[in-house]
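A structural walkthrough
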Amino acid sequence: MVQSPTVDAVMADQRAASFATRSIKTESKFAALKLALSMVDLTTLEGKDSPEKVRGLCRKAVRPFERDEELLGERLPHVAAVCVYPSMVKVAREELAKVEERRSGSPSPRPSPQGGEGARVKVASVATGFPSGQYPLDVRVRDVEEAVADGADEIDMVINRGAFLAGRYGEVAREIREIKGACGAAHLKVILETGELETYDNVRRASDIAIENIAPGDFIKTSTGKVSPAATMPVTLVMLEAIRDAAIGAGPWRGADPKMIGMKPAGGIRTAKQSWHYLCMVKETLGDGWLSPEWFRFGASSLANDLLRTMVKLKTGKYPAGYSFSEA
């Protein structure tokens, strides 16, 4: 297991705060908003989730704004994924196929986990005893296998924070490997639940453990969205630096093969302005290669509509009302 470096908390806070002072030129703002929209994982994770709610979410995922061509003069990109409980994976998979078929006039192929040209909206599922991660391992593994069998392209797993905080790092690593093995061709996103990890040193150590036990193209993710604080810029920066070190063979990864890992901050990112700050942080920490939905995601459903409102404001000079956009 790699030996993680310690984190200078004061400098991490100051560095993260500096990204909130960045500005984007007016001519670049619309492109940044479209990029951010394409990185959103539209999510519904409530006890009252129903098939019809998930179907509505899928329709919005494919066409986030029905009046885009009328008001903006162009068709906006679809979002990256819809994220649902395992029981709703099959519903989401079937609805996305129907929407894409109606849109294109031909049957929609299942999205490739690698994305790229021809990629469609992916289905992500929060398996593995979300949000606690406290279920028996065999139950969590079976949860993943069933979600993948039902059509999940991505699995969002949450680590057992109790084991991690007790210092049982080998147990956490083993569970990540077991879940990864159950994913098959689906990508894995490892949720650290940073709001419960208490220190930046713990966030860095958990990031390194996750990165060591997943494959290139998989993700590390801040939060379930069920614990406060969720995503914060300093925590995201610490995780981005772990990803950077793994990609260039620096720090604890000296001598190891380079590994490119994705990043997903989730929870608490609600405004277009916040998304710009995060994109600036990604660009300056990891470079342009990560400015793609294949490598960076926002787990923030409420963000999508603020991105849309801001696009309309840039084009028309007026903010539309919030009710101008569907929630799902």
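What comes next concerns the included structure. Note that the coordinates shown come from a computational prediction; the quantities given were computed from them, not determined experimentally. (Residues numbered from 1 in each chain as written. Predicted model: local features only at pLDDT ≥ 70, side-chain atom pairs only at ≥ 80, totals over all residues. Heavy atoms only, no water.)

1. Describing the packing of helix α10 (residues 233–248) against helix α11 (residues 272–286)
In plain terms, the rule: Only the stretch in contact is used when a helix axis is fitted, and all axes are lines through C-alpha atoms; the angle between N-to-C directions ranges over 0 to 180 degrees. Note on conventions: DSSP H or I runs of at least 4 residues are helices, E runs of at least 2 residues are strands, and numbering of each starts at the N terminus. Each angle receives one of four descriptions, namely roughly parallel if under 35 degrees, roughly antiparallel if over 145, roughly perpendicular if within 65 to 115, and oblique otherwise. We call a crossing left-handed when the near helix sits turned anticlockwise from the far one by less than a right angle, and right-handed when that turn is clockwise. For this analysis, residues touch if any pair of their heavy atoms sits within 4.5 Å. Asp, Glu, Lys and Arg are counted as charged, while Ala, Val, Leu, Ile, Met, Phe, Trp, Tyr, Cys and Pro are counted as nonpolar; the rest, among them Gly, fall into the polar class.
Viewed as axis vectors pointing N to C, α10 and α11 meet at an angle of 25 degrees, and their least axial separation amounts to 10 Å. Looking at the two axes, α10 sits roughly parallel to α11. In this structure, α10 meets α11 at a crossing whose hand is right-handed. Of the residues in α11, those in contact with M233, T236, L237, L240, E241, I243 and R244 of α10 are H277, Y278, M281, V282, T285 and L286. Taken together, the residues that form the contact of α10 with α11 break down as eight nonpolar, three polar and two charged.

2. Some remarks on the nonpolar core
For clarity, the threshold we go by: Among the buried residues, those of types Ala, Val, Leu, Ile, Met, Phe, Trp, Tyr and Cys that are joined through side-chain atoms within 4.5 Å form a nonpolar core. Buried means the residue's accessible area, taken with a 1.4 Å probe over protein chains only, is under 20% of the maximum for its type, while exposed means over 50%, and partly exposed covers the values in between.
Within the largest apolar cluster, 96 residues are counted, with the highest numbers of intra-cluster contacts made by V82, I155, I176, L188, V190, F298 and L307. When residues in this core are grouped by element, the largest group, nine residues, is from α10. Not counting chain neighbours up to four residues away, the residues in contact with L307 comprise L33, A36, L37, V40, A272 and S275.

3. As for the pairing of strand β5 (residues 187–191)
We apply this condition: Note on pairing: two strands pair once DSSP finds at least 2 bridges between them. Whether a crossover is right-handed depends on one test, that the path from the first strand over the helix to the second runs clockwise when the strands point away from the viewer.
The buried count for β5 comes to five of five residues, which makes it a mostly enclosed element. Here β5 shows no split at all, with H187, K189 and I191 on one side and L188 and V190 on the other all buried. In this sheet, β5 lies alongside strand β4 (residues 154–158) in parallel orientation, the contact comprising five bridges. When the bridges of β5 are listed, E154 appears paired with H187. Pairing geometry for β5 and strand β6 (residues 219–221), over three bridges, is parallel. Looking at the pairing, K189 lines up with F219 of β6. Between β5 and its parallel partner β6, the chain crosses via helix α9 (residues 200–212), and the hand of that crossover is right-handed.

4. Let's talk about the sheet that holds strand β1 (residues 41–43)
Spatially, β1-β2-β3-β4-β5-β6-β7 is the arrangement adopted by the seven strands of the open sheet, whose pairing is parallel. Where the open sheet ends on each side, the last strands, each with one partner, are β1 and β7 (262–264). Recorded for the sheet is a direction-independent mean angle of 25 degrees between the axes of neighbouring strands. The pairing of β6 with β7 spans three bridges and is parallel. Note that in β7 the partner of K221 across the bridge is K264.

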